[in-house]
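Analysis of the macromolecular model
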There are 2 protein chains.
Amino acid sequence: MNKRILLKIRYNGASFVGWQVQKNGRSVQETMQDALEKIYGSRPDVTGCSRTDSGVHALEYCLCYDPPHPMEIKRILPALNSVLPNAISVRACSEVEHDFHPRYHAVGKEYIYRYYDGYAPDPFRDGFSYHEKQILNVERMEKAARYFEGKHDFGAFMSVGSKIEDTVRTIYYAEVKRDGEEIIFRIAGDGFLYNMVRIMAGTLLFVGLGRIDPEEISAIIEAKDRANCGKTMPAYGLYLNHVFYDIKEVEKYAPKR
Amino acid sequence: MNKRILLKIRYNGASFVGWQVQKNGRSVQETMQDALEKIYGSRPDVTGCSRTDSGVHALEYCLCYDPPHPMEIKRILPALNSVLPNAISVRACSEVEHDFHPRYHAVGKEYIYRYYDGYAPDPFRDGFSYHEKQILNVERMEKAARYFEGKHDFGAFMSVGSKIEDTVRTIYYAEVKRDGEEIIFRIAGDGFLYNMVRIMAGTLLFVGLGRIDPEEISAIIEAKDRANCGKTMPAYGLYLNHVFYDIKEVEKYAPKR
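Residues numbered from 1 in each chain as written. Chains lettered and ligands numbered in written order. Predicted model: local features only at pLDDT ≥ 70, side-chain atom pairs only at ≥ 80, totals over all residues. Heavy atoms only, no water.

1. A few points about the packing of aromatic side chains
This model, assessed by the stated rule, comprises 27 aromatic pairs over all chains. Note on Y239 of chain A and F124 of chain B: the rings are 5.5 Å apart at their centroids and 50 degrees apart in plane angle, and the pair reads as tilted. On the criterion of chain membership, the pair formed by Y239 of chain A in strand β10 (residues 238-244) and F124 of chain B in the loop between β5 (108-117) and β6 (130-132) is interchain, its members lying in two chains. A relative accessible area of 2% means that Y239 of chain A is categorised as buried. Taken together, F124, F128 and Y239 of chain A together with F124, F128 and Y239 of chain B form an aromatic cluster joined through their ring pairs. In this arrangement the basic side chain of R125 of chain A is found over the ring face of Y116 of chain A, its NZ or CZ atom lying 4.9 Å from the centre. (Phe/Tyr/Trp six-rings, centres within 6.5 Å; stacked < 30°, edge-to-face > 60°. Helix = DSSP H or I, 4+ residues; strand = E, 2+ residues; numbered from the N terminus. Buried < 20%, exposed > 50% of the residue type's maximum accessible area, 1.4 Å probe, protein only. Lys NZ or Arg CZ within 6 Å of the ring centre and 35° of its normal.)

Right, dumping it as structure tokens:
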């Protein structure tokens, strides 16, 4: 039996309706299958690490497939990149055990949300980072983000209408940092509810603008009411940044405090 | 008489056929005029600091217009940004003397050319930076760039067919620096010939790949033969970064050595 192949890809979410095959547009999944079909001559199934929403970017998305026939491992990455559109790139390729599952074997994921503040919009950040005209207080945002850490019922941070029943998740770490005009919210956890990071990012935005106090976050979590949170931020500021397959790796990515 | 207004704008060159009004597509010039017409109710002429080519980006492009009627200076920037497409942003707005000319009064310009190297392309650099799969030797490129500095006849670094007769230009400084996978070539001078920076960037690329030695640059300049240079690099890696209106300002931007 051929070994299963694990690909780590990066993609610009603006070009896609998300990972999963949809009727209303081009998905990352089918684009990857098209590319694999071109290099193997037949079309393998591909399994992704998560269903990412339309417009969300990925700096590192993991997927697996069983190769229809053997191909030298070092040839796969350049072959795929030569047929993929510019909006997707294969960044790493490796063999894994044939029962490896990119979703079920993941122990966590890290997302980032990008904002920038300042008097004028920036054409080079358009579609990549959320513009806030008012200056954000990053110290307040960082203080608030810490309250997300740990095991909580995050029912408040889920889009209304979602049918998930178990809304308890563990957040490994959360931080907010400034780099010039750019503000990065980085969060890792064992799982995320529908729109959870985008609602958290919107809540932190309100904290940065002074409309919510950092100390209110605990009460907002406890009340489990979506209405207490900030707005759901647009997809284009959100990036899947890393998938953890080993819990020991979390420490390496966690902020040094 | 109303004071002349100087705008500093930033734009993504991918959306435009360059600064100047063209028949074959949308120019930055007419897009600015459209926006000014929307906020003033009549359409002023606009004068730019240079004719930038199709696809070239600008982090700072300067232009002037005479306002059809007075408008409070601090209102102009947000008013324009509210009507401009996302690909252009006004970053600064000031009053200048009514005889100020953004091109004739410029004493120099700074351009940057962006490359990145590495085994895989990056969707988030696509259209913003030139991808070279082989690792570039930046020390060699930096050494070569220094030979551009000073007053030289740069006839070799001009696209064939250009009708300019005086091809002597003074380069204030030139440097090449690495930041992770990203390599930045930064150059300032009193003027640039047609495609000069893109041909210089292509020549430095060949130096970084070992196909031209840094020490050969002087002879390449002296021979005045385009054929000795590297290729003309694509427009999307080139950015107009700054326009100098005061020669004393050059020192502030020059690399600290």
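2. Regarding helix α1 (residues 28-40) of chain A
Residues and elements named next belong to chain A. Between its first and last C-alpha, α1 extends 18 Å over 13 residues, near the 18 Å set by a 1.5 Å rise per residue. Extensive coverage of α1 is indicated by the burial of 10 of its 13 residues. Of the residues making up α1, those classed as buried are V28, Q29, E30, T31, M32, Q33, A35, L36, I39 and Y40. Buried residues along α1 sit against β1 (4-11), β3 (57-65), α2 (73-83) and β4 (88-96). (Expected span 1.5 Å × (residues − 1). Contact = heavy atoms within 4.5 Å.)

3. What about the side chain of R169 of chain B?
Residues and elements named next belong to chain B. If you trace the backbone, R169 turns up in strand β8 (residues 168-179). D166 is the oppositely charged side chain nearest to the buried, salt-bridge-free R169, at an N-O distance of 4.5 Å. Within the structure, R169 has its side chain in polar contact with the backbone oxygen of D166 (distance 2.8 Å). (Lys, Arg positive; Asp, Glu negative; His and termini not counted. Salt bridge = Lys/Arg side-chain N within 4 Å of Asp/Glu carboxyl O. Polar contact = N/O pair within 3.5 Å; in protein donor to acceptor, adjacent residues only side chain to side chain.)

4. Concerning the nonpolar core
Residues and elements named next belong to chain A. The biggest cluster of nonpolar side chains holds 77 residues, and the ones touching the most others in it are L7, Y115, F148, F157 and F185. The element contributing the most residues to this core is helix α4 (residues 196-208), with nine residues. Of the domains in this structure, domain 1 (4-96) and domain 2 (110-244) are the two that each give at least three residues to this core. (Core = buried A, V, L, I, M, F, W, Y, C linked by side-chain atoms within 4.5 Å. Domains from an automatic or database assignment.)

5. Remarks on the relation of the copies chain A and chain B
Superposing chain A onto chain B takes a rotation of 180 degrees plus a shift of 0.0 Å along the axis, which leaves an RMSD of 0.0 Å. On the angle and the small slide along the axis, the relation comes out as a two-fold axis. Rotation axis and chain A: the residue whose C-alpha lies nearest the axis is F124 of chain A, separated from it by 5.4 Å. Taken together, the interface assignments show that 100% of the residues at the interface of chain A recur at the interface of chain B, consistent with an identical surface on both copies. (Least-squares fit on C-alpha atoms with pLDDT ≥ 70 in both.)

6. Observations regarding the interface of chain A and chain B
On the chain B side, the residues contacting the 24 residues of chain A number 24 residues. Its largest share of buried area at the contact with chain B, chain A owes to R91, P123 and F124 of chain A, together 37% of the area lost on that side. Taken together, the links from chain A to chain B amount to 12 residue pairs in polar contact (both at pLDDT 80 or more). Taken together, the elements giving at least two residues each to the side of chain A that touches chain B come down to β1, β3, α2 and β4 of chain A. Sorting elements by how many residues they give to the side of chain A that touches chain B places β4 of chain A first, with four residues. Here the side of chain A that touches chain B is composed, by residue class, of 14 nonpolar, five polar and five charged. (Buried area = accessible area lost by both parts, 1.4 Å probe. Nonpolar A, V, L, I, M, F, W, Y, C, P; charged D, E, K, R; others polar.)

7. Describing the pairing of strand β3 (residues 57-65) of chain B
Residue and element names in this part refer to chain B. The buried fraction of β3 amounts to nine of the nine residues, a majority that puts the element mostly inside the structure. Taken together, the six bridges between strand β1 (residues 4-11) and β3 define a ladder with antiparallel strand orientation. Bridging from a neighbouring strand, Y11 pairs with A58 of β3. As defined by bridge partners, strand β2 (residues 47-48) adjoins β3 across two bridges and the pair is classed as antiparallel. Paired with G48 across the bridge in β3 is L63. Here two bridges tie β3 to strand β10 (residues 238-244), and the two strands are oriented parallel to one another. When the sheet's bridge partners are listed, H57 is paired in β10 with Y239. (Pairing = 2+ DSSP bridges.)

8. Section: unusual backbone geometry
Residue and element names in this part refer to chain A. Within the chain, N195 stands out as a residue other than glycine whose phi angle is a positive 70 degrees. Tracing the chain through its elements places N195 in the loop between β9 (182-189) and α4. Here N195 falls in the buried class, since its relative accessible area comes to 13%. One non-glycine residue, K224, lies in the positive phi region at around 55 degrees. Counting through the fold element by element, K224 comes out in the loop between α5 (217-223) and β10.

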